[in-house]
Amino acid sequence: MRAKFEEKTFESYFNNELDRRSKIYFPLGQVQEGSLGFDASSFSRNRRLWRELGHPFWFHPHFDGLELRDIADEMEHYLGVELDNVPEMKANLLFQYKRPEYITVSTGKEWSHWNEPYFRYDIYKEQQDLLMHIHTTFNSKVLVIYASPSTTDVNELVKVRKDILNHSNFKNAVDLQGHKRNTYTQSGTHSVACSEPQKIENINILRLLENIKVENNNKTENLNNREFVIQFSSKMRGIISEYPYLKESFNELNDYYSKIEQYKLYHSFLIMNNYRQLTGNQWLIKI
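All of these numbers come straight from a predicted model, not from anything done at the bench. (Residues numbered from 1 in each chain as written. Predicted model: local features only at pLDDT ≥ 70, side-chain atom pairs only at ≥ 80, totals over all residues. Heavy atoms only, no water.)

Run through the overall build of the chain, naming residues and quoting values.
When its secondary structure is counted, the chain shows 11 helices and 10 strands. Within the chain, the fraction of its 287 residues that count as buried is 46%. Taking contacts inside the chain between residues at least 6 apart in sequence as the whole, the part at least 24 apart equals 71%. By element, 47% of the accessible surface of the chain is carried by carbon and sulfur atoms, the whole surface being about 15,800 Å². (Helix = DSSP H or I, 4+ residues; strand = E, 2+ residues; numbered from the N terminus. Buried < 20%, exposed > 50% of the residue type's maximum accessible area, 1.4 Å probe, protein only. Contact = heavy atoms within 4.5 Å. Areas by Shrake-Rupley, 256 points an atom, 1.4 Å probe, with all protein chains shown as cover.)

Given below as structure tokens:
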């Protein structure tokens, strides 16, 4: 059976705990959306919509709206201030969230590996190919990780929401290369990837993040936070634009923002936001 909660709910709790426990900075993600004060924007002259919002009109809406360039000018300044107020950024992480199935019957294809109820999620070829492309392009500078909860329904998920990291299964995307699905019984233990069974050890995510911090403190990088974000976003845009499965959709989403490319910081955030919407991949930065 499919776990009885939305993947977005798990993602939200997961991001909140990473922010609380690991000093993770979210580029235009959960925290930034909250501080910016909006999740989406639009422009409408629909009289019925404005009437339902409490601002009816006959000929012209009461709110004229703003040009995208005006918004970009303000956001470029705002985001620059935000980045200047956080510690030096150290490393990138990409989390691919997975909502698992919970297999409770012995007819499950992987039952023989566990002989007890287990969790399972599929590894989609197009998605895995993209993650491997990113891994290869950035090498050791980016960690690409699958994250999946070890809970079966939304009530259980809510109960562990402040400790979601200890109730999740983590696997490096590179370790799942060549497999069609991954299985596990609980958090903090190994998993078995299939079709050809392979035991894969657990990732201690908090220890991993701390190791990243130590390793990067020993490296010297000449990029400030703004350059760090702009450079990473530019490379990601290049990767996706060359990737046949997503190229057309990604470019179409980005075309609207071509008129504000001179606002490099804000434009970079918008590009990465489109990437997240298209792939379900959450971009995080360790500081």
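Give me the lowdown on the pairing of strand β8 (residues 191–194), citing residues and values where you can.
Two faces make up the sheet, and in a regular strand the side chains alternate between them. The side-chain alternation of β8 yields two buried faces, one formed by Ser191 and Ala193 and the other by Val192 and Cys194. Of the strand pairs in this sheet, strand β7 (residues 181–184) and β8 are connected by 3 bridges, and their pairing is antiparallel. Residue Thr183 lies in a different strand from β8, and its bridge partner there is Val192. Count of turn residues in the β7/β8 antiparallel hairpin: 6 residues, of which Gly188 carries a positive phi of about 75 degrees. Hairpin connection between β8 and strand β9 (residues 198–200): a loop of 3 residues separates the two successive antiparallel strands. (Pairing = 2+ DSSP bridges.)

Tell me about the packing of helix α6 (residues 125–138) against helix α9 (residues 225–241), and name the residues and values.
In contact at an axis separation of 11 Å, α6 and α9 are set at 135 degrees when each is read in the N-to-C sense. In terms of their interaxial angle, α6 and α9 are classed as oblique. Crossing angle aside, the handedness with which α6 passes α9 is right-handed. Every residue of α9 that contacts α6 at Leu130, His133, Ile134, Thr137 and Phe138 is listed here: Phe232, Lys235, Met236, Ile239 and Ile240. (Axes fitted to C-alpha atoms, helices over the stretch in contact; angles between N-to-C directions. Parallel < 35°, antiparallel > 145°, perpendicular 65-115°, else oblique. Left-handed = near helix turned anticlockwise from the far one by under 90°.)

Please set out the sheet that holds β7 residue by residue, giving values where relevant.
The strand order across the open sheet built from 5 strands is β3-β4-β7-β8-β9, with neighbouring strands paired in antiparallel fashion. Bordering the open sheet on either side are β3 (101–103) and β9, each of which pairs with just one other strand. Each strand axis lies, on average, 30 degrees off the axis of its neighbour in the sheet, ignoring direction. Where β3 meets strand β4 (residues 118–122), 3 bridges bridge the pair, whose relative direction is antiparallel. Its bridge partner lying in β4, Tyr102 is registered against Phe119.

Go over the packing of aromatic side chains, please, and point to the residues and values.
Under the definition given, this model contains 15 aromatic pairs. Between Phe119 and Tyr184, the aromatic rings sit 5.2 Å apart at their centres with planes inclined by 15 degrees, giving stacked as the arrangement. Taken together, the residues Phe119 in strand β4 and Tyr184 in strand β7 connect sequence positions 65 residues apart. A residue is classified by how much of its surface remains accessible, and Phe119, at 4% relative accessible area, is buried. What makes Tyr184 buried here is its relative accessible area of 0%. (Phe/Tyr/Trp six-rings, centres within 6.5 Å; stacked < 30°, edge-to-face > 60°.)

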